[in-house]
Amino acid sequence: MNNVIECNNLTHYYGQKLVYENLNIHVKEGSILGLLGKNGAGKTTTINILNGFLQPRSGECLIYGENTQKLPPETKGRIGFLIEGHIQYAFMDIHQIEKFYSGFYPNWNNEPYWELMSKLKVTPSQKISTMSCGQRSQVALGLILAQDPDLLILDDFSMGLDPGYRRLFIDYLRAYAKSENKTIFTTSHIISDMERLIDDVLIMDYNRVLAQCPVHEFMQNFKQFNFTLLNGGVDLSKEKFVSNLEKVNNEVELYTYESEEFVKKFLDDNGVEMKDFKKIDMNLEDAFIGLTGKY
Amino acid sequence: MLKSMIYKEWLKIRWFLIGAAILGLFIIAYMFMNVQRSITFQGANAVWYNILFLNKMIFGIMKYVPLLIGIGIGVAQYFPETVNKRIKLTFHLPLFENRALMMMLSVGMICLLLTYLLHFMVFWMLSNYYFAHEITVASLITITPWFLSGLAAYFLVGLIVLEPVWKYRILYAFAAAMFVPLYLKSGMIGAYGPINIPLALLTVLISVSLLFSAYRFRKGEM
């Protein structure tokens, strides 16, 4: 399967502040990749580099083999882009904006757009600026569907949406992407939404990538074990197999890629006395917090 | 694509443009009503005397109108692109970025020039009705730099508004405030005759200055 997006050795700084160093991202054709990270981890920076709005300090990003700093119009026509906050030309109404964009894309198909618009309770001449965030999200999504791009880049699509609109957005998007073999690169603050949508996950922390793999593989391999220490002075956080450790008094939450047997044996071999050892079921949000830490 | 781009730019500037065109016509009409009144009450000789020998500027009220129209159209056109960094949408269109910007610039400039042409022609016709050909020509030479000032201001507004860093916006605005008055130095009627063509060339030179701000935006200056 071909890579639609390839970022090689991407390094970027804001002034003296390192955002990331030698970041490599590969997104295969037909897959949905979710880029997760805390605020300031570099999600929007990556989106901006992908769209050619930011020149990285070094390294390069390719989309369909073209450098994103100099994307030719034909390649840009294959990319649908959703800006954080569902930003659109707010001085237009839903008819004007459809008319405007239809002139740019030869495969423009306004059917899905009007289907979505029919669900909105907006008047035909209502300006986008006067719509709610949820309504604006449907306008932005409808325009992308009408454009019929091969690659969709979505920057924090869930921002400002209530649960109903988020679910609507995700269900529409996933059904569309899978039926049409579209590739999606997306970020979101709401991790639980991502679980319904994505195939692959890329988790970033400040300056580094913590995980990049299929989401089911990540959920299968990454584990949480809780136990109570009987000798409180033990520090397990520096151990190599520990991805993250949260400790309140003697209650420990240990996150690791190792098996339950491995962890128990390690504790036993090192004379760590504990009780109430149990494996905790996690959803993607729990796993994300477990991996990146609460702070 | 061009049609779509014209449509978008038109949606942004149409009300301001129509309002400015009408306001300009009212101001020209008002000026010549004053001329008519002076001719009626003082006689044509007195009006001519004032213009030819006292160098009295009877259409001074119009001096800053093209400038204000140029600034207004520039703001109406470029400001909405900067709200929430909407210019990203324009850069994402399947066009080369500079081509998209030049399309925007051309639409705004043509609308501005058409408005100016309307005002210029009405001024010319009314002036021809009331004054001798020589006075009309001298008057047109006098008002030409005023229109050029509006055009220059329109281009500089593009540079200032699209600039992503506030510090530089202020710097450009300061430079523009120093530069634009060159077009508006008071002088005798027809005094700008020798310099109108160099001024026009200078205006053409600054016409693409917004490309620089847009380039800085695309490189991620913030």
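Residues numbered from 1 in each chain as written. Chains lettered and ligands numbered in written order. Predicted model: local features only at pLDDT ≥ 70, side-chain atom pairs only at ≥ 80, totals over all residues.

A look at the overall build of chain B
For step 1, the next point in the chain: Within chain B one finds nine helices and zero strands.
For step 2, the next point in the chain: Walking chain B from its N terminus toward its C terminus, one meets helices and strands in the order α-α-α-α-α-α-α-α-α.
For step 3, the next point in the chain: Taking the principal axes of the C-alpha coordinates as reference, chain B spans close to 65 × 30 × 25 Å.
For step 4, the next point in the chain: Taking all 222 residues of chain B together, the buried fraction comes to 36%. (Helix = DSSP H or I, 4+ residues; strand = E, 2+ residues; numbered from the N terminus. Buried ≥ 20, exposed ≤ 12 C-beta atoms within 10 Å, placed from the backbone.)

Let's talk about the overall build of chain A
For step 1, the next point in the chain: Of regular secondary structure, chain A possesses 10 helices and 14 strands.
For step 2, the next point in the chain: Looking at chain A as a whole, 40% of its 295 residues are labelled buried.
For step 3, the next point in the chain: In chain A, the proportion of contacts linking residues at least 24 apart, taken out of those at least 6 apart, comes to 69%. (Contact = placed C-beta atoms within 7 Å.)

Describing the interface of chain A and chain B
For step 1, the next point in the chain: Of the residues lining the interface, 23 residues belong to chain A; the matching set on chain B comes to 21 residues.
For step 2, the next point in the chain: Among the residues forming the side of chain A that touches chain B, the class breakdown is 11 nonpolar, nine polar and three charged. (Nonpolar A, V, L, I, M, F, W, Y, C, P; charged D, E, K, R; others polar.)

Re unusual backbone geometry
For step 1, the next point in the chain: Despite not being glycine, Asp276(A) shows a phi value in the positive range, around 55°.
For step 2, the next point in the chain: Classification of Asp276(A) by C-beta neighbours within 10 Å gives exposed; the count is 9.
For step 3, the next point in the chain: The backbone phi angle of Asn84(B) is positive, close to 55°, even though this residue is not glycine.
For step 4, the next point in the chain: Along the polypeptide, Asn84(B) turns up in the loop between α3 (65–82) and α4 (87–92).

Things to note about the domain arrangement of chain A
Residue and element names in this part refer to chain A.
For step 1, the next point in the chain: Considered domain by domain, chain A is made up of domain 1 (3–217) and domain 2 (222–292).
For step 2, the next point in the chain: Centre-to-centre, using C-alpha coordinates, domain 1 lies 36 Å away from domain 2.
For step 3, the next point in the chain: With 11 residues of domain 1 at the contact, the number on the domain 2 side is six residues.
For step 4, the next point in the chain: Going through the elements one at a time, α7 (191–197), β9 (200–205) and β10 (208–214) are the ones with two or more residues in the side of domain 1 that touches domain 2. (Domains from an automatic or database assignment.)

Focus: the sheet that holds strand β6 (residues 79–82) of chain A
Residue and element names in this part refer to chain A.
For step 1, the next point in the chain: Spatial strand order, β6-β7-β8-β3-β9-β10: six strands in an open sheet with mixed pairing. Two strands bound the open sheet, and with one partner strand each, they are β6 and β10. Strand-to-strand twist of the sheet, defined as the mean angle between neighbouring strand axes without regard to direction, takes the value 10°.
For step 2, the next point in the chain: Two elements, β6 and strand β7 (residues 151–154), share four bridges in a ladder whose sense is parallel. (Pairing = 2+ DSSP bridges. Axes fitted to C-alpha atoms, helices over the stretch in contact; angles between N-to-C directions.)

Details of the sheet that holds strand β1 (residues 3–14) of chain A
Residue and element names in this part refer to chain A.
For step 1, the next point in the chain: Taken together, four strands build an open sheet; the order of strands is β2-β1-β4-β5 and the sheet is antiparallel. Looking along the sheet, the strands with just one partner apiece sit at the ends: β2 (17–28) and β5 (66–67).
For step 2, the next point in the chain: Summarising the sheet, β1 and strand β4 (residues 58–63) pair through five bridges and their orientation is antiparallel. For Glu-6, the partnering residue across the bridge sits in β4 and is Leu-62.

Comments concerning helix α6 (residues 163–180) of chain A
Residues and elements named next belong to chain A.
For step 1, the next point in the chain: Between its first and last C-alpha atoms α6 spans 26 Å; for 18 residues at 1.5 Å apiece the expected length is 26 Å, and the two agree.
For step 2, the next point in the chain: When we look at burial in α6, the residues that qualify are Arg-166, Phe-169, Ile-170 and Leu-173. Across the axial projection of α6, the buried residues extend over an arc of 95°, all falling on one side. For α6, the exposed residues lying more than 90 degrees away from the buried face are Gly-164, Asp-171, Ala-175 and Ser-179.
For step 3, the next point in the chain: Looking one or two places after α6, you find Asn-181, whose phi comes out positive at around 55°. (Expected span 1.5 Å × (residues − 1). Arc of directions from axis to C-beta.)

What to know about the nonpolar core
Soluble globular proteins: nonpolar side chains tend toward being buried together.
For step 1, the next point in the chain: Counting 123 residues, the largest nonpolar core has Ile5(A) and Ile153(A) as its most contacted members.
For step 2, the next point in the chain: With 15 residues, helix α6 (residues 133–162) of chain B is the single largest residue contributor to this core.
For step 3, the next point in the chain: For this core, the domains that each give at least three residues are domain 1 (3–217) and domain 2 (222–292) of chain A.
For step 4, the next point in the chain: Those residues in contact with Ile153(A) that sit more than four places away from it in its chain are Ile47(A), Leu50(A), Asn51(A), Ile79(A), Phe81(A) and Phe185(A). (Core = buried A, V, L, I, M, F, W, Y, C linked by C-beta atoms within 7 Å.)

Let's talk about the packing of helix α5 (residues 133–147) of chain A against α6(A)
Residues and elements named next belong to chain A.
For step 1, the next point in the chain: As a packed pair, α5 and α6 sit with axes 10 Å apart at the nearest point and diverge in direction by 10°. With respect to α6, the axis of α5 lies roughly parallel. Across the interface between the two elements, Gly-134, Ser-137, Leu-141 and Leu-145 from α5 touch Tyr-165, Phe-169, Tyr-172 and Tyr-176 from α6.
For step 2, the next point in the chain: Of the residues contributing to the contact of α5 with α6, the split by class is six nonpolar, two polar and no charged. (Parallel < 35°, antiparallel > 145°, perpendicular 65-115°, else oblique.)

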